[in-house]
Amino acid sequence: MEVKQLVQETKLSDVKTSPKSLVSLQLNQTILQAAQVLDSNNILSAPVLDENGKYKAVVDRLDICLYTLSSLNILDPLNPKSDKDVAVDTVAKLISSKGNNSYRTMPATSSFADVLQALVTSHRVCIVDESGFVSDLVTQSDVTKYFGKNLSQISTFANQPLSTLLVTTSLQLNHSVMTVKSDTKASDAFAKIAQMGVQAIGVVDAEGRLTSQLVASKLQMFSSAAEAESRLSAPVSQYTTSEAVVIETSEKFGDILTKIIQSRSHRAFLVDEERRPTAVFTLSDIMAVLCGV
């Protein structure tokens, strides 16, 4: 069995989590409570439900990062720092500030192939029934783990090196790798994450060699701009970073998938012989490859 056949034969229930384990947020929860829910469940996002339990939006750690820094005026050095207590703002206020919600909703009758296609451009898809109730949230990570468990069923494809897939599929790596130097202030690094709308950026040393990555979920909640400025004044090298996954184009697709899954990362970096990042391979790229086969 290869990719197309596996996709066609897979049911959404084979990939998605049990409805009993679905974690959700409420409109009247504070942003601090929302961050605590995501952290305690070790997840990056969750659907937000209204008072009737129906779907309203999806909130992730990048949203919280952006809202926190924007509200404290940390993103705009020309404006005076705000001293408001962002942590007590509600999830409803955060959603209102986001404007149009960028996450997809799909009916519970959707096929796995349809959801996979949607995940090429959306990190997560909410599965909603006819009454507007959320039955599950399917993420790029869910799908990546599913294929990781079924590599033996797509062995011919999984054994192809990334260099081959760059020729035989529509995959195009992003060579505009966003990085910050390790001596950059953490506040500036998180501001770059928020402004670029990405979940993480690479951290490099003075020579531009990749040392780690900084992810949006590592931003802690602050009660005021003063506290934020104090805690984020340290350089990125002293802040909480995570190991960066490094791959080569000669590596097999299945091995790369396994690396990403085991590291619980959402991306892998390609580097040159000096370990300077040259491209980034993300979960979105994995979805695109699987759809394009």
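Note that the structure is predicted; figures quoted are calculated from it, not measured. (Residues numbered from 1 in each chain as written. Predicted model: local features only at pLDDT ≥ 70, side-chain atom pairs only at ≥ 80, totals over all residues. Heavy atoms only, no water.)

A. Molecular detail of the environment of Ala 216. Within the element layout of this structure, Ala 216 appears in the loop between β9 (210–215) and α11 (225–231). Overall, the relative accessible area of 1% leaves Ala 216 in the buried class. Considering only alpha carbons, one finds Ala 216 and Asp 60, 156 residues apart in sequence, at a separation of 9.5 Å. Residues within four places of Ala 216 in sequence aside, it is in contact with Arg 61, Leu 62, Cys 65, Phe 190, Ile 193 and Gln 199. (Helix = DSSP H or I, 4+ residues; strand = E, 2+ residues; numbered from the N terminus. Buried < 20%, exposed > 50% of the residue type's maximum accessible area, 1.4 Å probe, protein only. Contact = heavy atoms within 4.5 Å.)

B. View of the pattern of salt bridges. Counted by the stated rule, this structure contains 7 salt bridges. A salt bridge links Asp 89 to Lys 93; its shortest N-O distance comes to 3.9 Å. The class of Asp 89 is buried, set by a relative accessible area of 10%. In this structure, Arg 276 and Asp 272 form a salt bridge, with 3.2 Å as the shortest nitrogen-oxygen distance. Overall, the relative accessible area of 21% leaves Asp 272 in the partly exposed class. It is possible to trace a salt-bridge network through shared partners that takes in Asp 205, Glu 207 and Arg 209. (Salt bridge = Lys/Arg side-chain N within 4 Å of Asp/Glu carboxyl O.)

C. How the structure looks around the packing of helix α4 (residues 61–71) against helix α5 (residues 91–98). Their axes nearest at 11 Å, the elements α4 and α5 cross at an angle of 85 degrees. In terms of orientation, α4 lies roughly perpendicular with respect to α5. Here Asp 63, Ile 64 and Tyr 67 of α4 come into contact with α5, specifically with Lys 93, Leu 94, Ser 97 and Lys 98. (Axes fitted to C-alpha atoms, helices over the stretch in contact; angles between N-to-C directions. Parallel < 35°, antiparallel > 145°, perpendicular 65-115°, else oblique.)

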